[in-house]
Amino acid sequence: GAVVSQHPSRVICKSGTSVKIECRSLDFQATTMFWYRQFPKQSLMLMATSNEGSKATYEQGVEKDKFLINHASLTLSTLTVTSAHPEDSSFYICSARTAVSYEQYFGPGTRLTVT
Amino acid sequence: DAKTTQPPSMDCAEGRAANLPCNHSTISGNEYVYWYRQIHSQGPQYIIHGLKNNETNEMASLIITEDRKSSTLILPHATLRDTAVYYCIVRESGNKLVFGAGTILRVKS
């Protein structure tokens, strides 16, 4: 089956620093990748959609200059949280979709803690 | 906005069937019904999806009413490892998945 990995699984960073999260599709080409955020006891909230080689499309209320998304290849997308603050602490989950089946496959998530 | 309504939580005895309902009264003709689940601190896991007909796979069965306004996910023999949040999502093929609140299923021994 389709496998999506994320790295790191957990990260702790200091307030004001930036942190990069990688999302890889291991056995398929992902023409579209999605980034979600999930706060404790809440559902997943879509942050942005990115198509390979194009700029990401951000959902309303998500700051594009704070959450930088790069989707430079068909197997890799990165989310960089710039100038992180404690309120950015959350569970970040990526998802990848093929152009063939349109099914979405999810990564295991990255737990970000900003101190 | 999520287009589905699910009960916030349900309990099920281990070994019994778990029947999770979902209302999607505004579903359009080309929208599919998808079910995902999320075990604590993990990414969502695909379970099953359907358009009109009932579907079955190794994990579960999906029963969709004839008018397609509601559906039921059936886990035939629930185990403790099935404890999770279950999300019912409707979407057109190719569109993004938008998650609602889901149903917390607690399987108890």
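What you see is a predicted model, and the numbers here were worked out from it, not measured in a lab. (Residues numbered from 1 in each chain as written. Chains lettered and ligands numbered in written order. Predicted model: local features only at pLDDT ≥ 70, side-chain atom pairs only at ≥ 80, totals over all residues. Heavy atoms only, no water.)

1. Details of the sheet that holds strand S3 (residues 31-38) of chain B
Residues and elements named next belong to chain B.
Thought 1: Across the sheet, five strands lie side by side as S1-S9-S8-S3-S4; this open sheet has mixed pairing. Since the sheet does not close on itself, it has two edges, and those belong to strand S1 (9-13) and strand S4 (45-50), each with one partner. With direction set aside, neighbouring strand axes in the sheet form an average angle of 25 degrees.
Thought 2: Where strand S8 (residues 84-92) meets strand S9 (residues 103-108), three bridges bridge the pair, whose relative direction is antiparallel. Looking at S9, one finds that Val-85 is bridged to Ile-104. (Pairing = 2+ DSSP bridges. Helix = DSSP H or I, 4+ residues; strand = E, 2+ residues; numbered from the N terminus. Axes fitted to C-alpha atoms, helices over the stretch in contact; angles between N-to-C directions.)

2. Quick look at the packing of aromatic side chains
All names here are of chain B.
Thought 1: Scanning the model with the defined rule gives 11 aromatic pairs over all chains in all.
Thought 2: Considering the side-chain rings of Tyr-32 and Tyr-34, the 6.4 Å spacing of their centres and the 55 degrees angle between planes classify their relative orientation as tilted.
Thought 3: Classification of Tyr-32 by relative accessible area gives partly exposed; the value is 26%.
Thought 4: On the basis of relative accessibility, which here comes to 2%, the residue Tyr-34 falls in the buried class. (Phe/Tyr/Trp six-rings, centres within 6.5 Å; stacked < 30°, edge-to-face > 60°. Buried < 20%, exposed > 50% of the residue type's maximum accessible area, 1.4 Å probe, protein only.)

3. What about the nonpolar core?
Thought 1: Among the nonpolar cores identified, the biggest contains 24 residues, and Trp-35, Phe-67, Leu-79, Tyr-92 and Leu-112 of chain A are the most heavily contacted of them.
Thought 2: Secondary-structure elements contributing two or more residues to this core are strand S2 (10-13), strand S3 (19-25), strand S4 (32-38), strand S5 (45-51), strand S7 (67-73), strand S8 (76-81), strand S9 (90-97) and strand S11 (110-114) of chain A. (Core = buried A, V, L, I, M, F, W, Y, C linked by side-chain atoms within 4.5 Å.)

4. What to know about the interface of chain B and chain A
Thought 1: At the interface, 18 residues of chain B touch 18 residues of chain A.
Thought 2: Both faces combined, the contact of chain B with chain A buries some 1300 Å², and carbon together with sulfur accounts for 48% of it.
Thought 3: The largest share of the area that chain B buries against chain A comes from Pro-44, Lys-96 and Phe-99 of chain B, three residues that together contribute 32% of it.
Thought 4: Across the salt bridge formed by Glu-103 of chain A and Arg-91 of chain B, the nearest N and O atoms sit 3.9 Å from each other. (Contact = heavy atoms within 4.5 Å. Buried area = accessible area lost by both parts, 1.4 Å probe. Salt bridge = Lys/Arg side-chain N within 4 Å of Asp/Glu carboxyl O.)

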